[in-house]
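# Structure at a glance
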Amino acid sequence: DQLKLKDSNLLRDAAFINGNWLVKDQRFEVSNPSTQQVLARVSNVTEIDTHDAIAAAQAAFPAWAAKTAKERAAVMRVWFDLMIQHADDLAAIMTAEQGKPLAEAKGEVIYGASFLEWFAEEAKRVSGDVMASTWTDKRIIVLKQPIGVCAAITPWNFPIAMITRKVAPALAAGCTIVIKPAEQTPLSALAMVELAQRAGIPAGVINVLTADAERSIAVGKVLCDSPVVRHLSFTGSTPVGRILMRQSSPTVKKLALELGGHAPFIVFDDADLDAAVEGALQSKFRNAGQTCVCTNRFYVHASVYDQFVEKLATGAKKILVGDGFVTGVQQGPMIDAQAISKVTEHVADAQTKGARLVTGGKQHTAGSLFYEPTVLSDVTPAMLIMNEETFGPVAAVVKFTSEEEVIAAANDTEFGLASYFYSRDIGRVWRVAEKLEYGMVGINTGLMSNEVAPFGGVKQSGLGREGSKYGMDEYLEMKYLCLGGM
Ligand code: ADP
C-alpha cells in the first residue's frame, strides 16, 4: 500500500504458467532500493514448475504458430495499447522496485511498448524466398518458420524493455516463451503479463517464472537443459552469459546474448564541446550509470581536456539525487549493496593509483544505496575502472593526443557493445566509425537505443541483435524446399 496504483490488479505476486497464476508457499521479498521497504513477497518457483512452464509453452505453440501473422499482430497491438493506457502504473511499479526516477521509468514503459508495436507490424513482413534455380526441372524455395519454444532470462536495469525486446519478436514470429525476470524486479514483469492476458494472448504463449537468486540458477539450468527450448535469449553479465552458453551446448540451442559492455566515449579537438558534455552526462548518469551501454571510459583530446573535465563536473554536480518518486530527481539509488561496493572499489582503486577526484566520490546522504555523481580525471589503463564494467555513476576521464592512439585504446577490451565519439570532421567521422570494434557507435550523441535500430554487441559483448527488422531473424528458422518432379 506504499504503492498507489490506479489499477491495483497490476500488482501481482504469483508466477504465471499456462494462463494461471501460480501461488507458492515459498516466497522471496522484493524491496524498494530507495527505502528498503518490502513491496511484495513473490512466489519462488521450483524446477518442477519450470518443466510445467516449458510444457505449457510447448502445448500452446502449434495453435499460436498456426495463426496468421495478422491475427498475432492484432493481439499484440491490443497489448501495446494496454501498456500505453497503464503507463503511469507500470512506471510506478518500476520506480518502486528498481529505483529509477519516475520520468525515466515512464520513458522505459513507452520504449518497452514500442517493441510490441514494432514487431506486431514486422510480423506481417516475414517473407520467404524463391531463388533462380540452376536446374530446369527443380525449384528452390525458402520458407521462414518460428523456431519453437523460447526462453528469456532478463536483468533488473530495464525491467520492462528487456522483456518486450525478446517477447515481442518471439510472439510475432509465432513462438511461445518462458520468461525468467530478474529477482530484483519481477513485479514489472508480472504487471506486463497481467496486461498480456487482458489483451487476449492465449494461455501458455507467455509464461513467467519468478525466482530468487538461488532458484534462478536452478530455473536457468532446466531451461538450458531442455531439448524443447530451442532458443535462449539472455541479457545480463558476460560471466553468466558464458555459463548459459556452456549449459546450452548439449542441446545446441540458438542463443541471443546481450552481455556486458565497457563503452568508450571519445571527444576529439574539433568536437562541439558543450554538446559532448551534454551527451556525456546522458550516456554516463542515466539510470545511475546502470546500463550496459553507459560510458565507462572518457577519452578527451589534450587541447580540450581541462575544459571538458570542468564542464562535466559542473554538470555532474547539478544532478539531483534522491528517491525516484520525488519530482525533479534525476538519479535514484543503485540496485543493491553489491552495486555500491563495486563503485566504491573502483573509485578507491583509481585514487590509490593516482587518479584525481574532481567531484563526488562517496555515498550520497539520500540513503544507504545512493552514490554521488562522480568524476575522476588523470585515469590510467592500469586502473580497475578502465577494465571492469563499473555499472555506476562514475565518469573516468583520460587524456589523449592522437587519433590512432585513441582508437587503439578504445578497442583494447574484450567488450564490444556501445561506443561514442564527438567530432565535426566528416572524414574523421567515417574513419573512426569504421575502426571502432563495437556493435553500436553513437556519433555526436550519447543516446541511441530505438526499436527500429539493431541493438547488440561484438566480441564478448554478445551474439545476435535485438530490435529492428533483424531482431525477428533470431526467432525464425529457414527451411529450404527443393521442388522436383516438375
Ligand atoms: P546483473 O549483473 O544484471 O545482475 P546477471 O547476469 O547476474 O546480471 O543476472 C541477469 C539475469 O540472469 C537475472 O535474471 C539473474 O537471475 C539471472 N542469472 C544469474 N545467474 C544465473 C545462472 N547461473 N543461471 C541462470 N540465470 C542466472
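Predicted model, so just to flag it, every value in this text is computed and none were measured. Numbering of residues begins from 1 in every chain and follows the order in which that chain's sequence is written. It should be noted that, the model being predicted, local features are given only for residues of pLDDT at least 70 and side-chain atom pairs only at 80 or more, the latter also being counted only at that level, while totals for whole chains, interfaces and linings use all residues.

Attention shifts here to helix α12 (residues 403–411). In this scheme every C-beta is placed from the backbone, and a residue whose C-beta has 20 or more other C-beta atoms within 10 Å is buried, one with 12 or fewer is exposed, and one in between is partly exposed. A run of DSSP states H or I qualifies as a helix once it reaches four residues; a run of E qualifies as a strand once it reaches two. Both are numbered from the N-terminal end. Looking at α12, one finds that the buried residues are V406, I407 and A410. The buried residues of α12 all sit within an arc of 100° when viewed along its axis, so they share a single face. Of the exposed residues in α12, the ones pointing more than 90 degrees away from its buried face are E404, E405 and A408. The contact criterion used here is simple: two residues whose C-beta atoms, placed from the backbone, lie within 7 Å are in contact. Its buried side turned inward, α12 meets β12 (263–267), β13 (295–301), β16 (394–400), β17 (418–422) and α13 (426–435). Taking the helix axis as origin, the arc is that swept by the directions to the C-beta atoms.

It is the contact of helix α7 (residues 213–225) with helix α8 (residues 238–248), at a shortest axis distance of 8 Å, that shows an interaxial angle of 40°. Judged by the inter-axis angle, α7 sits oblique to α8. For the pair α7 and α8, the sense of crossing is right-handed. Of the residues in α8, those touching α7 at G220, K221, C224 and D225 are L244, Q247 and S248. Angles shown run from 0 to 180 degrees and are taken between the N-to-C directions of axes, each axis being a line fitted to C-alpha atoms and, for helices, limited to the stretch in contact. Angle categories: roughly parallel below 35 degrees, roughly antiparallel above 145, roughly perpendicular from 65 to 115, and oblique for all the rest. Crossing chirality is assigned from the near helix's rotation relative to the far helix, an anticlockwise turn below a right angle marking it left-handed and a clockwise turn marking it right-handed.

Along the chain, the position of G107 falls in helix α4 (residues 102–123). The exposure class assigned to G107 is partly exposed, which follows from the 16 C-beta atoms found within 10 Å. In sequence terms G107 and V222 are 115 residues apart; their C-alpha atoms lie 34 Å from each other.

Attention now moves to the sheet that holds strand β6 (residues 139–146). As summarised here, the arrangement of the 3 strands in space is β5-β6-β20, forming an open sheet in which the pairing is antiparallel. The sheet terminates laterally at β5 (129–131) and β20 (476–483), the two strands that pair on one side only. For this sheet, the mean angle separating the axes of adjacent strands, direction not counted, is 25°. With 3 bridges joining them, β5 and β6 adopt antiparallel strand pairing. The rule for pairing is simple: two strands pair if DSSP sees at least two bridges between them.

Looking now at the sheet that holds β16. Across the sheet, 7 strands lie side by side as β14-β15-β16-β13-β12-β17-β18; this open sheet has mixed pairing. In this open sheet, the two edge strands, each paired with only one partner strand, are β14 (356–359) and β18 (440–443). Each strand of the sheet is rotated relative to its neighbour by a mean of 25°, with strand direction disregarded. With 3 bridges connecting them, β14 and strand β15 (residues 374–377) associate as antiparallel partners. Pairing of L357 across the sheet is with L376, part of β15. Each of β12, β13, β16 and β17 is contacted by helix α9 (residues 273–285), which is oriented at about 165° to β17, the strand it contacts most.

It is worth spelling out the UniProt feature "domain: Aldehyde dehydrogenase" (unreviewed entry) in the protein at this point. UniProt positions are given in the numbering used here, feature names are shortened, and annotations may be inferred rather than shown by experiment. According to UniProt, the feature "domain: Aldehyde dehydrogenase" (unreviewed entry) maps to residues 25–480 in the numbering used here. Strand forms 20% of residues 25–480 and helix 40%; the C-alpha atoms that close the span are 49 Å apart.

Each residue gets a pLDDT score, which is the predictor's confidence in that residue and runs from 0 to 100. Scored by pLDDT, the protein comes out at a mean of 98, with 100% of its residues at no less than 70. Here the predicted complex scores 0.98 on pTM and 0.96 on ipTM.

Compared with the 20 Å implied by 1.5 Å per residue over 14 residues, the 20 Å span of helix α6 (residues 186–199) between its first and last C-alpha is a close match. The buried fraction of α6 amounts to 11 of the 14 residues, a majority that puts the element mostly inside the structure. Those residues of α6 not exposed but buried are P186, L187, S188, A189, L190, A191, M192, V193, E194, L195 and A196. Of the residues trailing α6, G200 is marked for its positive phi of about 100°. Expected span, for any helix, means 1.5 Å times one less than how many residues it has.

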